[in-house]
Amino acid sequence: GAVVSQHPSWVICKSGTSVKIECRSLDFQATTMFWYRQFPKQSLMLMATSNEGSKATYEQGVEKDKFLINHASLTLSTLTVTSAHPEDSSFYICSARREPPETYEQYFGPGTRLTVT
Amino acid sequence: SQQGEEDPQALSIQEGENATMNCSYKTSINNLQWYRQNSGRGLVHLILIRSNEREKHSGRLRVTLDTSKKSSSLLITASRAADTASYFCATDVRYGGSQGNLIFGKGTKLSVKP
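Residues numbered from 1 in each chain as written. Chains lettered and ligands numbered in written order. Predicted model: local features only at pLDDT ≥ 70, side-chain atom pairs only at ≥ 80, totals over all residues. Heavy atoms only, no water.

**Student:** Outline the state of the cysteines, listing residues and values.
**Tutor:** Taken as a whole and assessed by the stated rule, the structure comprises two disulfides over all chains. Between Cys23 of chain A and Cys94 of chain A runs a disulfide, and the two sulfur atoms are separated by 2.0 Å. With the S-S dihedral at roughly 80 degrees, the linkage between Cys23 of chain A and Cys94 of chain A falls on the right-handed side. In this pair, Cys23 of chain A is assigned in strand β3 (residues 19-25) and Cys94 of chain A in strand β9 (residues 90-97), connecting sequence segments 71 residues apart. Disulfide pairing is shown between Cys23 of chain B and Cys89 of chain B; the S-S distance is 2.0 Å. Around the S-S axis, the bridge from Cys23 of chain B to Cys89 of chain B shows a dihedral of about 65 degrees and counts as right-handed. Taken together, the positions of Cys23 of chain B in strand β3 (residues 19-24) and Cys89 of chain B in strand β9 (residues 85-92) put the pair 66 residues apart, joining distant regions of the chain. Taken as a pair, Cys23 of chain B and Cys89 of chain B share a single burial class, namely buried. (Disulfide = S-S within 2.5 Å. Helix = DSSP H or I, 4+ residues; strand = E, 2+ residues; numbered from the N terminus. Buried < 20%, exposed > 50% of the residue type's maximum accessible area, 1.4 Å probe, protein only.)

**Student:** Describe the interface of chain B and chain A, naming the residues involved and giving the relevant values.
**Tutor:** Contact with chain B, which involves 23 residues of that partner, is made by 22 residues of chain A. Taking both sides of the interface into account, the surface hidden between chain B and chain A amounts to around 1800 Å²; carbon and sulfur atoms contribute 52%. Applying the counting rule to chain B against chain A returns zero salt bridges. Our count for the contact surface shared by chain B and chain A stands at four residue pairs in polar contact (both at pLDDT 80 or more). Mapped onto the side of chain B that touches chain A, the elements with two or more residues apiece are β4 (31-37), β5 (43-50), β9 and β10 (102-104) of chain B. Its residues assigned to classes, the side of chain B that touches chain A shows six nonpolar, twelve polar and five charged. (Contact = heavy atoms within 4.5 Å. Buried area = accessible area lost by both parts, 1.4 Å probe. Salt bridge = Lys/Arg side-chain N within 4 Å of Asp/Glu carboxyl O. Polar contact = N/O pair within 3.5 Å; in protein donor to acceptor, adjacent residues only side chain to side chain. Nonpolar A, V, L, I, M, F, W, Y, C, P; charged D, E, K, R; others polar.)

**Student:** Outline unusual backbone geometry, listing residues and values.
**Tutor:** Negative phi values dominate among residues other than glycine, just as trans dominates among peptide bonds. Cis geometry is adopted by the peptide bond preceding Pro8 of chain A, which originates at His7 of chain A and carries an omega value of 0 degrees. Checked against the element boundaries, Pro8 of chain A lands in the loop between β1 (4-7) and β2 (10-13). We note that Lys41 of chain A has phi near 60 degrees; this positive angle belongs to a residue other than glycine. Residue position: Lys41 of chain A is located in the loop between β4 (32-38) and β5 (44-51). Positive phi values are uncommon outside glycine, yet Lys70 of chain B reaches one of about 55 degrees. Relative to the helices and strands, Lys70 of chain B resides in the loop between β7 (61-66) and β8 (71-76). The class for Lys70 of chain B is partly exposed, based on a relative accessible area of 28%.

**Student:** Hey, could you go over the sheet that holds strand β1 (residues 5-7) of chain B for me, with residue numbers and the actual values?
**Tutor:** All names here are of chain B. Strands sit in the order β1-β3-β8-β7-β6 across an open sheet of five strands; the sheet is antiparallel. Each of the sheet's edge strands pairs with one partner strand only, and the pair in question is β1 and β6 (55-58). The sheet shows a mean angle of 15 degrees between the axes of neighbouring strands, taken without regard to direction. One ladder, built from six bridges, connects β7 with β8; its direction is antiparallel. In the sheet register, Asp66 faces β8, and the bridge partner there is Ser71. (Pairing = 2+ DSSP bridges. Axes fitted to C-alpha atoms, helices over the stretch in contact; angles between N-to-C directions.)

Here you go:
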């Protein structure tokens, strides 16, 4: 199988603090990982594409200084929400593409629910 | 930006009935994928159809793709209460600079009543 994990599964933090979310591919290597955000009852919106060993590519409208992405190894990407505010409360989901790309399929993590109070 | 538009936005049926969800998209694609999401949970990959394919089956799922109309449909036959979830289509759009990220539609919320 191709399993992607996320940690933590949920987190509550105070406004102004930073939160780090980890995305790990457990049984395969992933040069490319993707970070999505999902607001309640809405669809997933791509935030950024994370590449191992290089800078992430951010989608238009996503602040790179606020959402720091580090893809330090072929099995781990982290998303740090800096100086979190209540409007950052959302469901954050990562996905990973197996390398070499046997298929176009992406494998999704279970998501992290962030609540900023 | 969002590429796909699903309809209907919500669908309520009785167990045993078939459920059909449609997805339209705007740009050329390499493939189109359907995902399922239970409330507050992660996504489960259901089926992938490549741009050169017209129909694909997987168990009770049947997916069609019409690239001339830029649309796809997902049919769930003999639905079960456990099929209750949100269903999303996602397109793999490859263009200059793209790394194969998926663009998701707004989703169809399916409710199957026992």
